[in-house]
Amino acid sequence: MKKSILVLLMSFFLLSCEKEVFISHYIINLSCSHHYQESVEKIGPLQVIVRETYPEPERRLDTLYTDSFGKIQIKYYRNASQSLNWSGILTVTDPSGTYLPQRFGFDWQGTKTEKPNLDTYVKNIHVWLQTPEEAYRDDPSYDFDMILQGSDYIILKAGQSTVDALGDKVALDLRPNGQNIELNDWGGPFVCRRWLVGQRCLWI
Amino acid sequence: MKPFLRKIDPLLVKIMTFLGFSTCLNSCFVGLYAPLPDYACDLSVNVTDETGNGIEGIQVTITQLGQSKEQEFGPVFTDASGHVSAYCGARDYYDFDTGLVVAKDIDGPDHGGEFLPVEYGFSTQDAPAEGKGLTRVHHKEINIVMTKK
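Please read these numbers as outputs of a predicted model, since none were measured by experiment.

When helices and strands are tallied, chain B shows one helix and nine strands. When the helices and strands of chain B are placed in sequence order, the string is α-β-β-β-β-β-β-β-β-β.

Right, dumping it as structure tokens:
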């Protein structure tokens, strides 16, 4: 009698083990803000589309909205056997159309868990949004042609300045020898110019 | 100036390889002449079939995301072991902290069959990093399994 009860209990135990599925938790803490030069401001609500791109087939997971501060926490659950082996893309869009949409890729390879939640993977993602005009100004090539004098070389004299495509005066970063081409540590030439705000370098 | 630099390119790559920039053996998409920015990344992409064998000749393109104007680098092709590596330095002051790897089988049935294209979004924030400040480089390894059509 005792033996049969023991066998019955063992069977129940084994069956329950078989049915148990180990789940991993994936958390994305997304925060978005408007960032240009030195200014940063929280913006929202923003639309967030989450797509799982790998493994095949690609599928849309969610369409969500951040709060008015541009924040949202997104959670997914996966069978532990699939652990870490999936990736995707977040697309952040401003419904008002003020800011340009932006994509952010994410994956879990190399992501570590911390005690006591060893089955929980957390990713903190920050997305910086810009207006079309700001993005245009930040494009490394946007006024490149304005100073390009030849097909593969640049001639500019000390004190020379030019006007960029938006009409701002762009002053050259002057060198003591009157040239604006300098060699970086790796031996390549690049042109550094100082803007009215900020600084950028153009690679040639 | 540029033709001269093209001639010394291989020499620069050898020097950089000796100094530890091994990924430049295959390609340096951006940054051969650029100062290293924060969050530059050193990508190592392994493409295999479902049995774990590397696939040669897969076209790999990398797109830098996380900025209003996305930039595409490549394409490059996997070697006989299905591996491709790339140094991805950010242009201007954008950090290269997120991107998209697109792997396509463009040679049809050659090299083990026809495989479905793969898009793999990635971020470098959890990848181990070396160096500090302007010389910090994240080493990101991406393993992609392609399935047959």
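Glancing now at the overall build of chain A. In terms of helices and strands, chain A carries three helices and 13 strands. Among the 204 residues that make up chain A, the fraction classed as buried is 17%. Sequence-distant contacts, at least 24 apart, represent 49% of the contacts inside chain A between residues at least 6 apart.

Turning our eyes to something else, we now look at the nonpolar core. In a soluble, globular protein the nonpolar side chains are often hidden away together inside. Counting residues in each nonpolar core, the largest one holds 41 residues, and the members touching the most others are L30 and L90 of chain A together with V45, V101, A103 and I144 of chain B. When near neighbours in sequence (up to four residues on either side) are disregarded, L90 of chain A contacts L30, V48, V50, R103, F104, F106 and I125 of chain A.

Most of the time, phi is negative for any residue but glycine, and the peptide bond is trans. Residues and elements named next belong to chain A. The omega torsion of the bond from G44 to P45 falls at 0°, within 30 degrees of zero and hence cis. Inspection of the secondary structure puts P45 in the loop between β2 (39-42) and β3 (47-54). In this model, Y54 is joined to P55 through a cis peptide bond whose omega is 0°. Locating P55 in the fold gives a position in the loop between β3 and β4 (59-65).

Time to look at the sheet that holds β4 of chain A. Each strand in a sheet pairs with its neighbour through backbone hydrogen bonds, running either in the same direction (parallel) or in the opposite one (antiparallel). Residue and element names in this part refer to chain A. With respect to topology, four strands assemble into an open sheet ordered β4-β3-β6-β7, the strand pairing being antiparallel. The open sheet is flanked by β4 and β7 (102-107), the only strands paired with a single partner. Strand-to-strand twist in this sheet, taken as the mean axis angle between neighbours without regard to direction, amounts to 20°. Summarising the sheet, β3 and strand β6 (residues 87-93) pair through seven bridges and their orientation is antiparallel. Note that in β6 the partner of R51 across the bridge is I89.

Interpreting fine coordinate detail is not advised for predicted regions of low pLDDT. Residues at a pLDDT of 70 or more form 54% of chain A, whose mean pLDDT is 69. Note that residues 140-204 of chain A has pLDDT below 50 and, in this model, 94 contacts with residues that lie over four places away or in other chains.

Residues and elements named next belong to chain B. Taken together, the four strands give an open sheet; going across it, the order is β4-β3-β6-β7, and neighbouring strands pair in antiparallel fashion. Each having just a single partner strand, β4 (71-77) and β7 (118-123) make up the two edges of the open sheet. Across this sheet, the average inter-strand angle for adjacent strands is 20°, counted without regard to direction. Judged from the six bridges that link them, strand β6 (residues 98-105) and β7 form a sheet pairing that is antiparallel.

All names here are of chain A. With respect to the element layout, W86 can be found in the loop between β5 (71-79) and β6. Exposure remark for W86: the 19 C-beta atoms within 10 Å place this residue in the partly exposed category. Along the backbone, W86 and W108 are 22 residues apart, and their C-alpha atoms lie at a distance of 6.9 Å. Excluding anything up to four places from it in sequence, W86 contacts E52, Y54, P55, R78 and W108.

Residues and elements named next belong to chain A. Structurally, L129 is set in strand β8 (residues 120-129). On the neighbour-count criterion, L129 (24 C-beta atoms within 10 Å) is buried. Note: C-alpha distance between L129 and H34 (95 residues apart in sequence) is 4.8 Å. Here L129 is in contact with C32, H34, I43, V92, D94, Y99, L100 and Q102, once residues within four sequence places are set aside.

Let us now look at the pairing of strand β3 (residues 58-64) of chain B. Residues and elements named next belong to chain B. Side chains of β3 alternate between two faces, with I58, V60, I62 and Q64 buried and Q59, T61 and T63 left unburied. As paired elements, β3 and β6 share seven bridges and run antiparallel to each other. From the neighbouring strand, T61 faces β6, where its bridge partner is V102. Two strands pair when backbone bridges link them, and β3 and β4 are joined in this way by five bridges, in the antiparallel orientation. Each bridged residue has a counterpart across the sheet, and for V60 the counterpart in β4 is V76. As consecutive antiparallel partners, β3 and β4 are separated by six residues, and within that stretch G66 has a phi angle of approximately 75°, a positive value.

Residue and element names in this part refer to chain B. Confidence along chain B averages 72 in pLDDT terms, with 64% of residues attaining 70 or more. Here residues 1-14 is a poorly scored stretch, pLDDT under 50, and it has eight contacts once near neighbours within four places are set aside; other chains count. Predicted confidence is poor over residues 16-38, with pLDDT under 50, and the contacts of this stretch with residues over four places away or in other chains come to 60 contacts.

About the thresholds
Residues numbered from 1 in each chain as written. Chains lettered and ligands numbered in written order. Predicted model: local features only at pLDDT ≥ 70, side-chain atom pairs only at ≥ 80, totals over all residues. Helix = DSSP H or I, 4+ residues; strand = E, 2+ residues; numbered from the N terminus. Buried ≥ 20, exposed ≤ 12 C-beta atoms within 10 Å, placed from the backbone. Contact = placed C-beta atoms within 7 Å. Core = buried A, V, L, I, M, F, W, Y, C linked by C-beta atoms within 7 Å. Pairing = 2+ DSSP bridges. Axes fitted to C-alpha atoms, helices over the stretch in contact; angles between N-to-C directions. pLDDT = per-residue confidence, 0-100.

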